[in-house]
Amino acid sequence: MEKFATLSELSSHLYEKIIEEKIRTFSELITYTGDIFTTPRRQVVLMSAFKLIRKLHWGFFKDIDYASYPKIWREIVIPHPAYKYAGDIKRNSTISNIYVSMLDVHGYTAFCKQNNRNLSMLQLLDDFIQGDIGKITQELNVISRRERGDEIVLVGTTASDIVSATLSIVDYFSKRKVVNSDALRRSRSGAKIILPDMSVSAGISGGKMYTPLVITEDGNLSGDVINTAARLQTRANKISPHSTRITVTNHVVFRYKKENAGEKKGKIRFFNSGIIDFKGTSIALYELVFRSGDTYVLQFQEEMQELYDAVRKKLWRNQVFPALLLLLIKVCRTMPPFRLKHSVGGNEDIITLAEKTLLMYRSQDNYYRAVLQLRKIVDYLSHVQNFDHLVFEYARKITELYEGIMEQYRLEVEHILDTRHGEVFPSELSRLYTTAKRNLHVYDKLKTQVMEGKDLINRKSIWYTSIERNLSSLDFTLYSGKK
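Per-chain numbering applies: the sequence of each chain, read as written, is numbered from 1 onward. Per-residue local features of the predicted model are confined to residues with pLDDT of at least 70, and side-chain atom pairs are confined, for both listing and counting, to 80 or more; whole-chain, interface and lining totals are unaffected and use all residues. Side-chain metrics in this entry use all non-hydrogen atoms of the structure; hydrogen atoms and water are not considered.

1. What to know about the nonpolar core
Counting residues in each nonpolar core, the largest one holds 74 residues, and the members touching the most others are Ile398, Tyr402 and Trp463. Only DSSP runs of H or I with at least four residues qualify as helices, and only runs of E with at least two residues qualify as strands; both kinds are numbered from the N terminus onward. With 14 residues, the single largest contributor to this core is helix α14 (residues 389-424). We call two residues in contact whenever any of their non-hydrogen atoms come within 4.5 Å of each other. Excluding anything up to four places from it in sequence, Tyr402 contacts Trp316, Val320, Phe321, Tyr361, Val371 and Trp463. With 41 residues, the next largest nonpolar core counts Leu124, Ala165, Val179 and Leu288 among its residues. Among buried residues, the Ala, Val, Leu, Ile, Met, Phe, Trp, Tyr and Cys ones that are joined through side-chain atoms within 4.5 Å form a nonpolar core. The buried label applies to any residue whose accessible area, calculated with a 1.4 Å probe on protein chains only, is under 20% of its type's maximum; exposed applies above 50%, and partly exposed to all values in between.

Put into structure tokens, the structure is as follows:
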């Protein structure tokens, strides 16, 4: 390497090589310069050149250094043996200590449209997202980057750090304090208190034993941990397009609990959301329960688990139906009071109807009417504001599957009537049945009487047979994402 009269000339020369991409890494820089950095003053030039390499080629991680982000630095940088605070970024690695949170800010687009002529307000929101969020996350050992206006990506090295940073951002966007933790609450300062209340949907992934994370040549993030976080954020946004919801993988929950074992951090809880199908994969999900007004959902976690188990084991004959109704009863008992307009009433009315339906099914004397009643309950719940979305998804899908069974049940009854009506009805009704077949209205009425009557046929045997014949099609999955 040629000699330079001044350090300024040396800096200019190295900057030129870096900008021309003839030097792209710190290792290449050391190889190119040899052993010229023998004095502290020359090492200042070296670190300055390294900073330029970071800015141009580290992309998402361009602003990290050992002092500001020590945890992330240790995880994603290969340090140079001779220079402790410099090194090369890992471009393709499989590591367990990387967590990603993707956030979408609700109301951002509407705010921009509403203030499209008020540049000061737009600038205020931009400073709010671009500046303040980075400071909040840095305090919590997490790096953040703004993507496409209202999207924010966080990367951390522990489950506790990534969860804490996500919750702090949620709290900062809300005018009312929503996070039930003094340590994570963030207050707006100065003129930013006039910005509107905004909610956030977020998805958090990471914590697998082997997590592929790819940092591309231009510094973008790729790999399974990124894709999973994006899917979870989309799921959270689908469930709550106008309110805050945070979904996390079961690996994040496991690591979070392990990191906080023995500590009394009960203000952040997790609700098991079951397994959700995404395009090409299935993921076990949990939701963060961090607002005091949402803790009631933890009271029906046991009933939710019973339903998960019954569905997973395909116990459609005698467990899925009761498990669903017991869950709906528990939800209505624990959730805030509601009142339906022009219909059945409120919480207690739904509970009473569900209890009657449960008794109807368990007594094995009226499966037909029980399914009709379940449909009525689900239709009522569709009008209950803030009814738990996940529970309603299960209720709606399971009802549809039982309605499919009811069609098979109806066909079984029709076959028995056509072939054995002399055994089903007394002689007088049997003759009437033969005549009634010519009259569709009377025919349907008699079929309903058989399906709802108590003593005419063995409904339990027919119902179970209908389920068995449809068992292969009773695949319960909740799908989220593009078809």
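2. Some words on the packing of aromatic side chains
For any pair of aromatic rings, the description rests on two quantities: the centre-to-centre distance and the angle between the ring planes. Classification of ring pairs rests on two measures: the distance between centres of Phe, Tyr or Trp rings, Trp counted by its six-membered ring, which must be within 6.5 Å, and the angle between planes, read as stacked under 30 degrees, edge-to-face over 60 and tilted in between. Across all of its chains, the model carries 21 aromatic pairs by this definition. Ring centres of Tyr361 and Trp463 lie 6.1 Å apart, and the angle between their planes is 80 degrees; on these two criteria the pair is classed as edge-to-face. With Tyr361 in helix α12 (residues 347-362) and Trp463 in helix α17 (residues 459-470), this residue pair connects regions lying 102 residues apart in the sequence. Comparing Tyr361 with Trp463 shows no difference in burial state: the two are buried. Judged by centre distance (6.2 Å) and plane angle (10 degrees), the rings of Tyr402 and Trp463 are stacked. Residue Tyr402 is found in helix α14, and its partner Trp463 is found in helix α17; the two are separated by 61 residues along the sequence. We classify Trp463 as buried; its relative accessible area is 0%. Definition used: whenever NZ (Lys) or CZ (Arg) falls within 6 Å of the ring centre and also within 35 degrees of the ring normal, the charge is taken to sit over that ring. For Arg145, the ring lying beneath its charged end belongs to Phe60, and the centroid distance is 5.8 Å.

3. Describing helix α7 (residues 159-173)
Expected span, for any helix, means 1.5 Å times one less than how many residues it has. Counted at 1.5 Å a residue, the expected span for α7 with its 15 residues is 21 Å, and the 22 Å between its end C-alpha atoms agrees. Most of α7 is tucked away: 15 of the 15 residues are buried.

4. Concerning helix α11 (residues 320-334)
The first and last C-alpha atoms of α11 sit 21 Å apart over 15 residues, in line with the 21 Å expected at 1.5 Å per residue. Residues of α11 that are buried: Val320, Phe321, Pro322, Ala323, Leu324, Leu325, Leu327, Leu328, Ile329, Val331, Cys332 and Thr334. Looking at the buried residues of α11, the elements they touch are α10 (301-312), α12, α13 (367-381) and α14.

5. Looking at the layout of surface pockets
Lining residues are defined by having an atom within 4 Å of a point belonging to a cavity or pocket. Those points lie on a 1 Å grid over the protein atoms alone, cavities being sets where a 1.4 Å probe fits but cannot get out and pockets being open sets with protein on both sides within 12 Å along at least five of seven lines. Grid points are joined across faces, edges and corners, and a volume is the space filled by probe spheres set on the points. The calculated volume of the largest pocket comes to roughly 920 Å³. As for the largest pocket, its lining consists of 39 residues, and the residues nearest its centre are Ser243, Thr244, Arg245, Arg291 and Asp294. Secondary structure elements with two or more residues in the lining of the largest pocket: β10 (245-249) and β12 (281-289). The biggest single contributor to the lining of the largest pocket is β12, with 3 residues. Taken together, 19 residues form the lining of the second largest pocket, with Ile275, Tyr308, Val311, Arg312 and Tyr394 sitting closest to its centre. The leading source of residues in the lining of the second largest pocket is α10, at 5 residues. Lys, Arg, Asp and Glu make up the charged group, whereas Ala, Val, Leu, Ile, Met, Phe, Trp, Tyr, Cys and Pro make up the nonpolar group; the residues left over, Gly among them, are polar. Within the lining of the second largest pocket, the residues separate by chemical class into 9 nonpolar, 5 polar and 5 charged.

6. Looking at the environment of Val450
Here Val450 lies in helix α16 (residues 440-452). Given the relative accessible area of 1%, Val450 is considered buried. Through-space distance from the C-alpha of Val450 to that of Glu414 is 9.7 Å; in sequence the pair is 36 residues apart.

7. Overview of the environment of Lys22
On the secondary structure map, Lys22 appears in the loop between α1 (7-19) and α2 (26-33). A C-alpha to C-alpha distance of 9.8 Å links Lys22 and Tyr32, two positions 10 residues apart in sequence. Apart from residues lying up to four places away in sequence, Lys22 is in contact with Lys17 and Glu28.

8. Digging into the pattern of salt bridges
A side-chain nitrogen of Lys or Arg and a carboxyl oxygen of Asp or Glu constitute a salt bridge if their distance falls within 4 Å. Counted according to the given criterion, the structure contains 20 salt bridges. The salt bridge involving Arg333 is made with Glu355; its shortest N-O contact spans 2.8 Å. You can see Arg333 sitting in helix α11 and its partner Glu355 sitting in helix α12, a full 22 residues away along the chain. When its relative accessible area of 52% is taken as the criterion, Arg333 is described as exposed. Shared partners join several salt bridges into a network, and the residues in it are Lys55, Asp63 and Arg145.

9. Quick look at unusual backbone geometry
Even without being glycine, Glu21 reaches a positive phi, approximately 65 degrees. With respect to the helices, strands and loops of the structure, Glu21 is situated in the loop between α1 and α2. You will see that Lys314, though not glycine, has its phi angle at about 60 degrees, which is positive. Looking at the element boundaries, Lys314 is found in the loop between α10 and α11.

10. Re the packing of helix α6 (residues 119-139) against α7
The angle between two axes is taken between their N-to-C directions and runs from 0 to 180 degrees, where each axis is a line fitted to C-alpha atoms and a helix contributes only its stretch in contact. As a packed pair, α6 and α7 sit with axes 10 Å apart at the nearest point and diverge in direction by 140 degrees. Our classification of the angle between α6 and α7 gives oblique. Between α6 and α7 the crossing geometry is right-handed. Residues Phe128, Ile129, Asp132, Ile133, Ile136 and Thr137 of α6 touch α7, and the partners they reach there are Ala165, Ser168, Ile169, Tyr172 and Phe173. Among the residues making up the contact of α6 with α7, the classes are represented as 8 nonpolar, 2 polar and 1 charged. Should an angle lie under 35 degrees it is considered roughly parallel, over 145 roughly antiparallel, and from 65 to 115 roughly perpendicular; all remaining angles are considered oblique. Two helices that cross are described as forming a left-handed crossing if the nearer one is turned anticlockwise from the farther one by less than a right angle, and a right-handed crossing if clockwise.

By themselves these figures say nothing about function.
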